[in-house]
Amino acid sequence: MLELYHHGSSVCAAKVRLALAEKGVEWTGHYIDLLAGEQFDPAFLAINPRGAVPVLVHNGAILTESTVICEYVDQAFGGPALRPLDPLGQARMRLWTKLVDEEIHPAVRPVTYVTSHRHAILARGPEAVEEHIAADPHPAWRARKRRWIHDGFDAPDVAEALGTFQRMVRAMNATLAEREWLAGEAYSLADLGLTPYANRLEMLGLSPMWEDCTHFARWFAAVKARPSFGPALFDYLPEDLRERMLADGHRARPDFIRILSRLD
Ligand SMILES: N[C@@H](CCC(=O)N[C@@H](CS)C(=O)NCC(=O)O)C(=O)O
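In this report, the structure presented in the accompanying data block is examined. Please read all numbers here as calculations on a predicted model, not as lab measurements. Within any chain, residue numbers begin from 1 and follow the written order of that chain's sequence. Note on the predicted model: pLDDT of at least 70 is required for a residue's local features to be given, and 80 or more for side-chain atom pairs to be given and counted; whole-chain, interface and lining totals, by contrast, use all residues. No hydrogens and no water enter the side-chain calculation; it runs on all heavy atoms of the structure.

## A look at the pattern of salt bridges
What makes a salt bridge here is a side-chain nitrogen of Lys or Arg within 4 Å of a carboxyl oxygen of Asp or Glu, nothing more. Applying the stated criterion to the full structure yields 14 salt bridges. For lysine 145, the salt bridge goes to aspartate 136, with nearest N and O atoms at 2.7 Å. Each member of the pair lysine 145 and aspartate 136 is classed as buried. In the salt-bridge network here, residues are joined through shared partners; they are Lys23, Asp74 and Arg83. Accessible area is worked out with a 1.4 Å probe on protein chains only. A residue is then buried under 20% of its type maximum, exposed over 50%, and partly exposed in between.

The structure is reproduced here in structure tokens:
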């Protein structure tokens, strides 16, 4: 029995759905609506006290952390290998997935929040805004959310997060000038791990970031052409949320241009 606790707009959950799709593994889903605060329900906190998706439960064993889960899925199930066989390729793959965990993922929340989520939260009125912030059990996140919601693009960590993504695109472009895929000549968990972040940037209208990055653009077209991409990225994303993110990205364009022009 393989169960995945996930959400449609969670980049980490999308990584796991991609891995399961690439391996051709069947799974049962439990949808945790992050925007409705279901990650803080006691029943879910009993499964993952961190209150975060994804969580994979395999024959009763609970696994958290998307990068760890993806490696587990690759090794526990048949289907095409998602990691290079040579030590150097594996090291390269892990350098990319480490970068995702340490730098890329922390940058996605501020950018998504100020571009999109905050508009939906603000539209519910001042009381609901306070409720939304108070629902987060972590004081540091409550403080950051307050700035994202009220200060938008002027919140202190937003420019830094956009800079992280700009460096990510450039670093990927430089690597992809030398080889077909990020870790070598075959698709791996490195490509899989970066895919939801590239998709998020595109959905939020940030594709001008790779205007001059032909190798990145070639890679992104190739990951989008894989049969795993559409189902993993969009089948669980509610249509209204998808449309809202696209529209909010369009609305954020002047802010993006203003901030990106000040970087490097
Ligand atoms: N390092 C964790 C991060 C998990 C994480 O941040 N998940 C987000 C969705 S991508 C989440 O559930 N956030 C809870 C919230 O928004 O309160 C992983 O890779 O699985």
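## Focus: the side chain of glutamate 3
Going along the chain from the N terminus, every DSSP run of H or I of four or more residues is numbered as a helix, and every run of E of two or more is numbered as a strand. For glutamate 3, the position within the fold is in strand β1 (residues 2–6). Within the buried core, glutamate 3 has no salt-bridge partner, and the shortest N-O distance to an opposite charge, that of arginine 17, equals 15 Å. Within polar-contact distance, the side chain of glutamate 3 engages the side chain of histidine 30 at 2.7 Å. When near neighbours in sequence (up to four residues on either side) are disregarded, glutamate 3 contacts Thr28, His30, Val55, Leu56 and Val57. Within this scheme the basic residues Lys and Arg register as positive and the acidic residues Asp and Glu register as negative, but His and the chain ends are omitted. Two N or O atoms count as a polar contact when they lie within 3.5 Å, although within protein this holds only if one can serve as hydrogen donor and the other as acceptor, and sequence-adjacent residues are included solely when both atoms are side-chain atoms. By the convention used here, residues are in contact when the closest approach between their heavy atoms is within 4.5 Å.

## Considerations on the site of the ligand
A molecule or strand has a residue near it when one of that residue's heavy atoms lies within 4 Å. Inspection of the region around the ligand gives 14 residues, with Gln39, Val53, Glu65, Ser66 and His105 positioned closest. Between a nitrogen atom of the ligand and a side-chain N or O atom of glutamate 65, the distance comes to 2.7 Å. Protein burial of the ligand: of its 520 Å² of free accessible surface, 80% is covered by the chains. Elements represented by at least two residues in the shell around the ligand include exactly α1 (11–23) and α4 (87–123). Broken down by class, the residue content of the shell around the ligand amounts to 7 nonpolar, 5 polar and 2 charged. Shrake-Rupley sampling with a 1.4 Å probe provides the accessible areas, and residues are treated as covered by the protein chains on show and by no other component. Throughout, the ten residues Ala, Val, Leu, Ile, Met, Phe, Trp, Tyr, Cys and Pro are labelled nonpolar, Asp, Glu, Lys and Arg are labelled charged, and all others, Gly among them, are labelled polar.

## Concerning α1
Taking 1.5 Å of rise per residue, 13 residues should cover 18 Å, and α1 covers 19 Å from first to last C-alpha, within 8% of that figure. Taken across its 13 residues, α1 has 12 buried, putting it largely inside the fold. By the burial criterion, the buried members of α1 are Val11, Cys12, Ala13, Ala14, Lys15, Val16, Arg17, Leu18, Ala19, Leu20, Glu22 and Lys23. Summarising the contacts, the buried residues of α1 are in contact with β1, α3 (66–76), α4, α8 (189–203) and α10 (229–234). Where α1 begins, the capping side chain belongs to serine 10, and its oxygen is found 3.4 Å from the backbone nitrogen of cysteine 12. A helix is expected to span 1.5 Å for every residue after the first.

These figures come from the coordinates and say nothing about function on their own.
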